[in-house]
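# Examination of the molecular architecture
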Amino acid sequence: MAGRGRGRGGLKATLLGQSSAGQLRKPGENTPKITVKDTPKEPPKRDLADELSNKIKTLALEPKPADLDELQRISKEYSTDRKKIEEIAQIIYDRCLGDAEFSVTGADLCQKLTEIEADQVKFRSCILKLIQRDFKEKENIQKESKSKFICFTSILCQLFGHIKINDVPMVPLVVPVFDCLDMLLEGGGDEIESFNMQIQSIGILLEKYNPARMKNTLQTLRTKVISSSSSARQRCLLLEVLELQGRGWRDHDPEVARFYTDLLMDLQATEVLE
């Protein structure tokens, strides 16, 4: 019995944390210390998708070359598969469709990204796929939203003017560009102003690669100039194009440029008063 009792006492002492002297250990006495080492924190991972999207959406209309170079670098780093290349193309294209003024900068950026490739798919193919999709719906787009159609035509024209393969423009775009410009020419107001801006920018290339089609467009333009339904401002914009084409698409000299600028401002002021 005594032996069994001592056994229970020994178990009890052990459970209570008794020391070798038969006394209970004080809190913390003879307790091995555990040292916790600080684990170095990993730097937060960059969210390239958000970074790229924000930079494209906030890119200035006249960006610094360094800004475009940075976007090119980030895009290359991000483009690890086809889906990501398509994502970049969509972000750029969406901004262009919402802002006609961004078309020049957007096309310039597309030119810098044109050779980015993953899964045997190039960025150029992705942006052209978006253009092709909306070109098939151009009549519906123009009917539903003239401003969106102007934006679409603007980026189409600027891609033709900016993207080159072996220093040659993408000739298959010539006819689609003419089709959209002719649709602008049939309209009025902002559509005629957009026609003026785009054909001044790429008219020399269009005439070089399809002179017959340019001849037809200019004939339509002349008819529009003498039409009684055209406003004075519209006739001024179209006359400026005719004069520019007659000069071989060379820029107006300062005096002529100032004449058209002043005249257009006066006509715009008159339209506001009316």
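Residues numbered from 1 in each chain as written. Predicted model: local features only at pLDDT ≥ 70, side-chain atom pairs only at ≥ 80, totals over all residues. Heavy atoms only, no water.

### Thoughts on the pattern of salt bridges
The condition that has to hold: Salt bridges, as used here, are contacts in which a Lys or Arg side-chain nitrogen is within 4 Å of a carboxyl oxygen on Asp or Glu. Labels follow the DSSP assignment, with helices taken as runs of H or I lasting at least four residues and strands as runs of E lasting at least two, numbered in each case from the N terminus. Burial classes follow relative accessibility: with a 1.4 Å probe on protein chains only, a residue under 20% of its type's maximum area counts as buried, one over 50% as exposed, and anything between as partly exposed.
Throughout the structure, instances matching the rule amount to 11 salt bridges. As a salt-bridge pair, D69 and K112 come within 3.0 Å of each other at their nearest N and O atoms. A residue pair is termed long-range when its members are at least 10 positions apart, and D69 in helix α3 (residues 65-78) and K112 in helix α5 (residues 103-113) qualify at 43 residues. Residue class for D69 comes out partly exposed when judged on its relative accessible area of 39%. For K112, a relative accessible area of 26% corresponds to the partly exposed category. As a salt-bridge pair, E193 and R233 come within 3.1 Å of each other at their nearest N and O atoms.

### Details of the environment of T217
Heads up, the rule is: Whether two residues are in contact is decided by their heavy atoms, any of which lying within 4.5 Å being enough.
Turning to its location among the elements, T217 is positioned in helix α11 (residues 211-226). The sequence separation of T217 and D179 amounts to 38 residues, and the corresponding C-alpha distance is 9.5 Å. Non-local contacts of T217, meaning those with residues more than four positions away in its chain, are made with F178, D182, L185 and F195.

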